[in-house]
Amino acid sequence: MAAMNWLQYLEHKLRAQEAAGLLRAGPVRSGPARARTTIDGGRFVYWGSNHYLDLATHPEVVHAAQEAAARYGTGSGASPLLPGKTPLHEELEEELARWKGTEAACLFATGYQANVGWLMALCGPRDLVLYDELVHASLLDGARASGAHLCPFRHADPGSLEDRLRQERGRYRFAAILTDGVFSMDGDLAPLPDLLELAERFDALLFVDDAHGTGVLGFDGSGTAAHFGLKGRERLIHIGTTSKALAAEGGFLAGPAVLIRFLRNRARSYMFSTAPAPPVVAAALAALRIARFDHSRRQHLHRLGQRLRQGLRQLGWSVPDDPTPIVPLRIGPVSETLQRAEALRARGHWVPAIRPPTVPHGTSRLRLSLTAGHKAEEIDELLEALGPPPAGAGR
Ligand SMILES: Cc1ncc(COP(=O)(O)O)c(C=O)c1O
């Protein structure tokens, strides 16, 4: 190893990754991220899109993007403060805040940048960050970069969080509790009411990354907090993306006005990165308006979820009960997961195989994401192609 130069070392690492079945080839999709599309030249029913409401090709969304490109150009040209922001950016921030029930919102170029940005701006070595062990990588990366004291708690386990708070809270200035609203690789919901009660009791703030609940859950589609009746609670800070149900790109944090003003002046990934492109912002804004008021897409999505979960249980799969569009099929070993994905592809279904480092070793899975563009018959076809789980597979 000592004699290897740097590039040879990288080659060596990649070969090891390939041998473990963990090298990604990166297939290319030559159609939109919809229920039926073309991937690497083949036609598939596609179960990997996070555009849960199937809005990426909605005529109003596409028209809004085209109009914005014609009016403001294709790029924003500068970071938000210089000013890369257009009235569209301001409008989107205001509507996101209204939807989430907060005073204000701050729009970042991506959800990843939002999480790294707010954590680095708000937390430091004198602070405590407690996080569900399965939170999204962007929260973890932001927490690490912040230099705060990090403290994981067991997945979706308020008792574990309470133990940690009792042990650690007294030694730190501020405490932030991090959770996903809908867990991106497990499809289950965080126990938000219990987590919020602990945040209130232990003088902490609860930051909920609702990338996968936004647009999908709650009476108005505003997300997991609405699902649990927790909108408007002071200690709950909302994070989200416009890249999933809103079919665009971007990340945001919504909360008290003072917090948002602070982030606009301190979050480095906001200040030192080009503002999202106007067509993308316009698309997100148009999608938000549909997501908020068109309940039929959400209802269809929920019915599909019920059908899929019921069918999977009949086949012997163990799947979470929560009403989310993400349904993981736990298999375990990498090789078996890849084989299952390949077998489904041969039957016309493209299902992402999720492996380490996205999920812990030994928990590789197929991750089904439903969209409002799927049909009941496609679920039935998928179930038939899938068959029962391998012996020993489970959650
Ligand atoms: C829970 C969660 N947070 C944040 C992100 C990052 O969002 P983005 O893809 O907009 O960077 C994702 C998506 O990949 C996610 O699943």
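Every chain begins its residue count from 1, and numbering advances along the sequence as written. Only residues with pLDDT of at least 70 get local features here, since the model is predicted, and only at 80 or more are side-chain atom pairs given and counted; chain-wide, interface and lining totals rely on the full set of residues. Hydrogens and waters are ignored; side-chain quantities use all the structure's heavy atoms.

**Student:** Give a description of a nonpolar patch on the surface that names residues and reports values.
**Tutor:** A cluster of nonpolar side chains, contributed by Met4, Trp6, Leu7, Tyr9 and Leu10, occupies part of the molecular surface with about 570 Å² of accessible area. Only DSSP runs of H or I covering at least 4 residues are called helices, and only runs of E covering at least 2 are called strands; the numbering of each starts at the N terminus. Structurally, the position occupied by Tyr9 is in helix α1 (residues 6-19). Excluding any residue in a salt bridge, patches collect residues exceeding 30% relative accessible area, merging like charges within 9 Å and nonpolar Val, Leu, Ile, Met, Phe, Trp and Tyr side chains within 5 Å. What sets the accessible areas is the Shrake-Rupley method with a 1.4 Å probe; for residues, cover comes only from the shown protein chains. Whenever Lys or Arg places a side-chain nitrogen within 4 Å of a carboxyl oxygen from Asp or Glu, that contact is recorded as a salt bridge.

**Student:** Summarise the sheet that holds strand β2 (residues 42-46); cite the residues concerned and give the values.
**Tutor:** Strand order in the open sheet made by the three strands is β1-β2-β11, with mixed pairing throughout. This sheet does not close on itself; its edge strands, each paired only once, are β1 (36-39) and β11 (349-350). Should DSSP find at least two bridges between two strands, the strands are regarded as paired.

**Student:** An account of the pattern of salt bridges is needed here, citing residue identities and associated values.
**Tutor:** Following the criterion strictly, the structure yields 27 salt bridges and no others. Two residues, Arg34 and Asp54, come together in a salt bridge whose shortest N-O distance is 2.8 Å. Of the two residues, Arg34 sits in the loop between α1 and β1 while Asp54 sits in the loop between β2 and α2 (59-72), which places them 20 residues apart along the sequence. The buried label applies to any residue whose accessible area, calculated with a 1.4 Å probe on protein chains only, is under 20% of its type's maximum; exposed applies above 50%, and partly exposed to all values in between. Look at Arg34 and you get partly exposed, because its relative accessible area is 32%. Take Asp54: its relative accessible area is 8%, and that puts it in the buried class. Between Asp220 and Lys231 there is a salt bridge, with its nearest N and O atoms 2.6 Å apart. Here Asp220, found in the loop between β7 (205-209) and α9 (224-227), pairs with Lys231, found in the loop between α9 and β8 (236-241); they are eleven residues apart in sequence, far enough to count as distant.

**Student:** Explain the site of the ligand to me, using residue names and the numbers behind them.
**Tutor:** Consider each residue's heavy atoms; a residue with any of them within 4 Å of a molecule or strand counts as near. Close to the ligand lie 15 residues; Gly111, Tyr112, Asp209, His212 and Lys244 are nearest. Between the ligand and the protein, one listed contact pairs an oxygen atom with a backbone N or O atom of Tyr112 at 2.9 Å. Taking Ser243, its side chain carries an N or O atom lying 3.1 Å from an oxygen atom of the ligand. Out of a free accessible area of 390 Å², the ligand has 83% covered by protein chains. Tallying contributions element by element places helix α5 (residues 111-122) first for the shell around the ligand, with three residues. Pairing of N or O atoms within 3.5 Å defines a polar contact, subject to two protein rules: one partner must be a possible hydrogen donor and the other a possible acceptor, and residues neighboring in sequence count only if both atoms are side-chain atoms.

**Student:** If you had to explain the domain arrangement of the protein to someone new, which residues and values would you point to?
**Tutor:** One can read the domain layout of the protein as domain 1 (28-57 + 295-386) and domain 2 (59-293). Placing the centre of domain 1 and that of domain 2 at their C-alpha centroids yields a distance of 25 Å. At the interface, 25 residues of domain 1 touch 30 residues of domain 2. Buried area, as used here, totals the accessible surface that two parts lose on assembly, with accessibility defined by a 1.4 Å probe and the loss added over both. Here domain 1 meets domain 2 over a buried area of about 2,100 Å², counting both sides, of which 62% is carbon and sulfur. The tally of links between domain 1 and domain 2 comes to two salt bridges. All the domain ranges listed were derived from an automatic or database domain assignment. Throughout, a contact is declared for two residues whenever any of their heavy atoms are within 4.5 Å.

**Student:** Pulling in residues and values, what's your account of the nonpolar core?
**Tutor:** Residues belong to one nonpolar core when they are buried, are Ala, Val, Leu, Ile, Met, Phe, Trp, Tyr or Cys, and are joined through side-chain atoms within 4.5 Å. In terms of nonpolar packing, the biggest core is built from 58 residues, with Leu308, Leu312, Leu366 and Leu368 touching the most fellow members. Counting residues per element, this core draws most heavily on helix α12 (residues 278-293), at ten residues. Two domains each donate at least three residues to this core, and these are domain 1 (28-57 + 295-386) and domain 2 (59-293). Excluding anything up to four places from it in sequence, Leu312 contacts Trp317, Val319, Val327, Leu329, Leu368, Leu383 and Leu386. Among the nonpolar cores identified, the runner-up in size contains 26 residues, and Ala104, Phe108, Ala143 and Ile237 belong to it.

**Student:** Which residues make up the environment of Arg15, and what values do they have?
**Tutor:** By the element assignment, Arg15 lies in helix α1. Taking the C-alpha atoms as reference, Arg15 lies 18 Å from Leu338; in sequence the two are 323 residues apart.

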